[in-house]
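Here are the chains, one letter per residue:
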Amino acid sequence: MDDTTILNRISELVDEEHRLRADAQAGESGTDDDARTRLRALEESLDQCWDLLRRRRAARQAHGDPDAQGTRPKPEVERYLQ
């Protein structure tokens with residue numbers, strides 16, 4: 001996966017997240033358990049994508065191989081301290 005593909009995936013995830021949040025604010029779907037579960041999954045996927053993109057960029061700066069970077073498991077990414 002290259003940086004452009006990752007950025008496109010991030011954009012897709014953000015668009016879906018915004019739609020779900022807008023629906024919830026409008027009182028439409030989005031307030032049920034399925035929507036909350038989907039929002040959580042979106043947030044975790046976004047964290048994974050951003051983590052991968054940051055590590056690819058860091059590898060490139062260190063003259064390493066960005067393609068050697070793989071997606072880390074969600075539990076690992078979610079345990080990081082902000």
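Residue indices begin from 1 for each chain and proceed along its sequence in written order. Totals for whole chains, interfaces and linings use every residue, but because this is a predicted model, local features are given only for residues with pLDDT of at least 70 and side-chain atom pairs only at 80 or more, for both listing and counting. No hydrogens and no water enter the side-chain calculation; it runs on all heavy atoms of the structure.

If you check an unreviewed UniProt entry, the protein chain appears there as DUF2630 family protein from Micromonospora peucetia.

**Examining the packing of helix α1 (residues 3-25) against helix α2 (residues 33-61)**
Convention adopted: a line fitted to C-alpha atoms gives each axis, helices being fitted over their contacting stretch, and angles between N-to-C directions are expressed from 0 to 180 degrees. In this description a helix means any DSSP run of H or I spanning at least four residues, a strand means any run of E spanning at least two, and both kinds are numbered starting from the N terminus. Axis separation between α1 and α2 bottoms out at 10 Å; the angle between their running directions is 155°. By the criterion of interaxial angle, the relationship of α1 to α2 is roughly antiparallel. Relative to α2, α1 is oriented so that their crossing is left-handed. Here the nonpolar group is Ala, Val, Leu, Ile, Met, Phe, Trp, Tyr, Cys and Pro; Asp, Glu, Lys and Arg are the charged ones; every other residue, Gly included, is treated as polar. Considering only residue class, the contact of α1 with α2 consists of 14 nonpolar, one polar and 10 charged. An angle counts as roughly parallel when it lies under 35 degrees, as roughly antiparallel when it exceeds 145, as roughly perpendicular when it falls between 65 and 115, and as oblique in every other case. Handedness of a crossing is defined here by the sense of rotation of the near helix relative to the far one, left-handed for an anticlockwise turn of less than a right angle and right-handed for a clockwise turn.

**Observations concerning the nonpolar core**
Nonpolar cores were defined as sets of buried Ala, Val, Leu, Ile, Met, Phe, Trp, Tyr and Cys residues, with membership established by side-chain atoms within 4.5 Å. Think of it in three bands: residues with accessible area under 20% of the maximum for their type are buried, residues over 50% are exposed, and the middle band is partly exposed, with areas taken using a 1.4 Å probe on protein chains only. Listed in full, the 10 residues of the largest apolar core are I6, I10, L13, L20, L39, L42, L46, C49, L52 and L53. If you list the elements that add at least two residues to this core, you get α1 and α2. If you tally residues by element for this core, the top one is α2, at six residues. Those residues in contact with I6 that sit more than four places away from it in its chain are M1, C49, L52, L53 and R56. Only heavy atoms matter for contacts: two residues are in contact if any of them lie within 4.5 Å across the pair.

**Some remarks on the side chain of E44**
Tracing the sequence through the fold places E44 in helix α2. Looking at E44, the relative accessible area reads 19%, which means it is buried. Discounting chain neighbours no more than four positions away, the residues touching E44 are K74 and E78.

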